[in-house]
Amino acid sequence: MLFHCGKFKLDLSQPKVMGIVNVTPDSFSDGGRHLALEAALDHARRLVDEGAVILDIGGESTRPGAAPVSVQEELDRVLPVIEGLRDISVPISIDTYKPEVMRAALDAGADMVNDVNALQSAYALDMVAKTTAGVCLMHKQGAPQNMQQQPHYQDVIADVSLFLRERVAAATSAGITVERIVIDPGFGFGKSLEHNLVLLKNMHAFTLLGVPVLAGLSRKSMLGAITGRDVGGRVAASVAAALIAVQRGASIVRVHDVRETVDALKIWNALEK
Ligand code: 7PM
């Protein structure tokens, strides 16, 4: 029930909100870099005010279809944000699959690694094991560049469960205690709309693996496919999806729209008490 996450122990007896902080400089001039940093810090602080209890800092490299970002560019984006949030009251998660970025982020004060590659790099597994960081192990099928082309499963629940079970075993064998691990079925990562809906419907299957479940549905294209709305018009759909995930066993929801999601979960909590 307590998620051990670096300096923090998060009580997951009630569902929690992880706020997404994307660090995307819109200009590569020094001025753009500075403004991007200030904007990211302001945004992060606002998400905490709104009720986020984890901040997920990402330099874009894990976005499906995104242009690859070099290690140096990713570090230049995320490290100043992590350093700028050193005294914030909530754990900082680094959203990366690159071991070098994990290492530097943890050294700079991050408390958690959110790896869409589920620590499948041996170096990442051993390196994280030597720290006290929490870790999110996510399922994906294929490589981010082509994973949406022909996603295929025998049985999406069984296949994703087996993968996550194996990654939890690999992590604990490497020395990451089970209290430090959360799992994530990876909505949209090598999944058709139908696969995503089966995963959401059967979210409870993942809670059987004995570690907390994180769900990332916020603004995703599956919600656009259902509602016909573009990414800016998916707040209500995202809140509905987060609430459904929680009702079906998710302990952490990774969202852009923190205020709206926190309000929805307050209603859920009022009934659970
Ligand atoms: C474009 C497409 C931009 C998709 C960004 C995305 C997850 C994640 C992402 C998730 C965990 C997004 C995604 N999604 N990490 N990183 N779980 N653990 O919507 O579902 O942010 S990237």
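These remarks concern the structure in this document. (Residues numbered from 1 in each chain as written. Predicted model: local features only at pLDDT ≥ 70, side-chain atom pairs only at ≥ 80, totals over all residues. Heavy atoms only, no water.)

### A look at the overall build of the protein chain
To keep it simple, the criterion reads: Secondary structure follows DSSP: runs of H or I at least 4 residues long count as helices, runs of E at least 2 residues long count as strands, and numbering of each begins at the N terminus. Our radius of gyration looks at C-alpha atoms and nothing else; its globule reference is 2.2 Å times the residue count to the power 0.38. Burial status follows relative accessibility: with a 1.4 Å probe on protein chains alone, a residue under 20% of its type maximum counts as buried, one over 50% as exposed, and anything between as partly exposed. Contact definition: two residues touch when any of their heavy atoms are within 4.5 Å. Working definition of accessibility: Shrake-Rupley area with a 1.4 Å probe, residue cover restricted to the visible protein chains.
Broken down by element type, the protein chain carries ten helices and ten strands. Its C-alpha radius of gyration of 17 Å places the protein chain within 12% of the 19 Å reference for a compact globule of 273 residues. Taken over the C-alpha atoms alone, the protein chain extends approximately 45 × 45 × 40 Å along its principal axes. Out of the 273 residues in the protein chain, the part that is buried amounts to 52%. The contacts in the protein chain between residues at least 6 apart in sequence include a share of 69% that link residues at least 24 apart. About 12,100 Å² of surface is accessible on the protein chain, with carbon and sulfur atoms providing 53% of the total.

### Here we look at the site of the ligand
Applied cut-off: The cutoff for a nearby residue is simple: one of its non-hydrogen atoms must lie within 4 Å of the molecule or strand. For the purposes of these results, a polar contact is taken to be a pair of N or O atoms within 3.5 Å, where, inside protein, one atom must be able to donate a hydrogen and its partner to accept one; residues adjacent in sequence count only when each atom of the pair is a side-chain atom. Residue type decides the class: Asp, Glu, Lys and Arg count as charged, Ala, Val, Leu, Ile, Met, Phe, Trp, Tyr, Cys and Pro as nonpolar, and the leftover types, Gly among them, as polar.
If you check the shell around the ligand, you find Arg63, Pro64, Asp95, Asn114, Cys136, Met138, Asp184, Phe189, Leu214, Gly216, Lys220 and Arg254 and nothing else. Separating an oxygen atom of the ligand from a backbone N or O atom of glycine 216 is a distance of 3.3 Å. The contact in question runs from an oxygen atom of the ligand to an N or O atom on the side chain of arginine 254, over 2.9 Å. When the ligand is considered free in solution it has 480 Å² of accessible area, and contact with the protein chains removes 85% of it. Grouping the amino acids of the shell around the ligand by side-chain chemistry returns five nonpolar, two polar and five charged.

### Details of the sheet that holds strand 5 (residues 92-95)
Quick reminder of the rule: Between any two strands, at least two bridges found by DSSP are needed for them to pair.
Pairing in this open sheet of eight strands is parallel, and the strands run 8-7-6-5-4-3-10-9 from one edge to the other. Each of the sheet's edge strands pairs with one partner strand only, and the pair in question is strand 8 (181-184) and strand 9 (214-215). In this structure, strand 7 (residues 134-138) lies alongside strand 8, joined through four bridges in parallel fashion. Across the sheet, residue methionine 138 finds its bridge partner in strand 8, namely aspartate 184.

### Re the pairing of strand 2 (residues 8-11)
The side chains of a regular strand alternate, first on one face of the sheet and then on the other. Here four bridges tie strand 1 (residues 2-5) to strand 2, and the two strands are oriented antiparallel to one another. Bridge pairing in strand 2 places histidine 4 opposite lysine 9. Where strand 1 folds back onto strand 2 in an antiparallel hairpin, the turn is made up of two residues, including glycine 6, whose phi is positive at roughly 55 degrees.

### Remarks on unusual backbone geometry
Of note in this structure, alanine 118 is not a glycine but carries a positive phi near 55 degrees. Secondary-structure assignment places alanine 118 in the loop between strand 6 (112-115) and helix 4 (122-129). In the Ramachandran plot, arginine 219 falls in the positive-phi region, its phi being about 60 degrees despite a non-glycine side chain. Structurally, arginine 219 is set in the loop between strand 9 and helix 8 (221-227). Arginine 219 sits in the partly exposed class, given a relative accessible area of 28%.

### A look at the pattern of salt bridges
Just so we agree on the cut-off: For this document, the term salt bridge refers to a Lys or Arg side-chain nitrogen within 4 Å of an Asp or Glu carboxyl oxygen.
Counted by the stated rule, this structure contains ten salt bridges. Here arginine 77 ties to glutamate 73 by a salt bridge, and the two come within 2.7 Å at their closest N and O atoms. You can see arginine 77 and its partner glutamate 73 sitting in helix 2 (residues 71-84), four residues apart, about one turn around the helix. This pair shows no difference in class: arginine 77 is buried, exactly as glutamate 73 is. Through salt bridges that share partners, Asp56, Asp95 and Arg254 make up one connected network.

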